[in-house]
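The primary structure of each chain is shown beneath.
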Amino acid sequence: MVEKRKDDRRQYYLKTIIKKATPDNAFCIMEFRTTNLSMGGIFISTEDLSLFELGEEIDILVDDNGDRFYEGKARIVRSARIFNEDSTPIESGFGLMFLEPGKDFISMIEKTIIRSQSIII
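Since the structure is predicted, the reported quantities are computational estimates derived from the model, not experimental observations. (Residues numbered from 1 in each chain as written. Predicted model: local features only at pLDDT ≥ 70, side-chain atom pairs only at ≥ 80, totals over all residues. Heavy atoms only, no water.)

Please set out the overall build of the chain residue by residue, giving values where relevant.
For the chain, the count of helices and strands is 1 helix and 7 strands. Sequence-ordered secondary structure for the chain, helices as α and strands as β, is β-β-β-β-β-β-α-β. Projected onto its principal axes, the C-alpha positions of the chain cover 45 × 40 × 30 Å. Counting over 121 residues, the chain shows a buried share of 36%. Excluding contacts between residues fewer than 6 apart, the proportion of contacts in the chain whose partners are at least 24 apart in sequence is 55%. Per element, the accessible surface of the chain, about 7900 Å² overall, is 50% carbon and sulfur. Averaging the positions of the 17 positive and the 21 negative side-chain charges in the chain gives two centres separated by 4 Å. (Helix = DSSP H or I, 4+ residues; strand = E, 2+ residues; numbered from the N terminus. Buried < 20%, exposed > 50% of the residue type's maximum accessible area, 1.4 Å probe, protein only. Contact = heavy atoms within 4.5 Å. Areas by Shrake-Rupley, 256 points an atom, 1.4 Å probe, with all protein chains shown as cover. Lys, Arg positive; Asp, Glu negative; His and termini not counted. Charge placed at Lys NZ, Arg CZ, Asp CG, Glu CD.)

How would you explain the pairing of strand E2 (residues 27-37) if you had to name every residue and give the values?
The sheet contact formed by strand E1 (residues 9-21) and E2 spans 10 bridges and is antiparallel. Opposite Ile17, over in E2, you have Glu31 as the bridge partner. What sits between the antiparallel neighbours E1 and E2 is a turn of 5 residues, in which Asn25 has the positive phi angle 65°. In sequence, E2 turns back onto strand E3 (residues 41-45) through a hairpin of 3 residues. (Pairing = 2+ DSSP bridges.)

Which residues make up the side chain of Thr46, and what values do they have?
If you trace the backbone, Thr46 turns up in the loop between E3 and strand E4 (57-64). A relative accessible area of 13% means that Thr46 is categorised as buried. A distance of 3.3 Å separates a polar side-chain atom of Thr46 from the backbone nitrogen of Asp48. Thr46 has contacts with Phe32, Leu51, Ser92, Gly93 and Phe94, leaving out every residue within four places of it along the chain. (Polar contact = N/O pair within 3.5 Å; in protein donor to acceptor, adjacent residues only side chain to side chain.)

Go over the confidence of the model for the chain with me, naming the residues and quoting the values.
Per-residue pLDDT for the chain has a mean of 85; in total, 90% of the residues score no lower than 70. By mean pLDDT, the top-scoring element of the chain is E3 (93), and the lowest-scoring one is strand E7 (residues 119-120) (58). (pLDDT = per-residue confidence, 0-100.)

Residue-level account of the nonpolar core, with values.
In this structure, Ile18, Phe52, Ile60 and Leu96 are the most contacted members of the largest nonpolar core, which totals 22 residues. Counting residues per element, the ones that place at least two in this core are E1, E2, E3, E4, strand E5 (67-83), strand E6 (89-99) and helix H1 (103-115). At 4 residues, E5 tops the list of elements feeding residues into this core. Setting aside residues up to four positions removed in sequence, Ile60 forms contacts with Thr16, Ile17, Ile18, Ile42, Tyr70, Glu71, Gly72, Ala74, Leu96 and Phe98. (Core = buried A, V, L, I, M, F, W, Y, C linked by side-chain atoms within 4.5 Å.)

Before we move on, can you summarise H1 with the specific residues and values?
For H1, which comprises 13 residues, the first-to-last C-alpha distance of 19 Å matches the rise-based estimate of 18 Å (1.5 Å per residue) to within 8%. On its buried face, H1 sits against E1, E2, E5 and E6. (Expected span 1.5 Å × (residues − 1).)

Go over the pattern of salt bridges, please, and point to the residues and values.
Considering all chains together, one arrives at 4 salt bridges under this definition. Salt-bridge contacts for Arg75 lead to Glu57; the nearest nitrogen and oxygen are separated by 2.9 Å. Within this pair, whereas Arg75 is found in strand E5, its partner Glu57 is found in strand E4, the two being separated by 18 residues in sequence. (Salt bridge = Lys/Arg side-chain N within 4 Å of Asp/Glu carboxyl O.)

Summarise the pairing of E1; cite the residues concerned and give the values.
Two elements, E1 and E4, share 5 bridges in a ladder whose sense is antiparallel. Residue pairing for E4: Lys15 is matched across the bridge by Asp63.

Set out below in structure tokens:
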């Protein structure tokens, strides 16, 4: 697999709320746990990899202990199921890419990444 990610990912836990349009023109609101972030996006944890399609655009609100970390659009860019050495699944979910983040948000995420110690390779 070719690595397309250009920014380091850092382990960081956030709450992410996603608003997704349904086929009947209504909306579904879902809450996820974000397990890591980078300058370009986040990874949300979920067992159900049928929730989103690659390339799908969604509205998200990322919350950091009651503070709005990011509110805007994101694109589903990756789905993954991660296994340990004995083939036991340990994590699954989706990679989301931030779309058009503002200058204030970029500055905030840079500071958060610098404070975060764990780099995910």
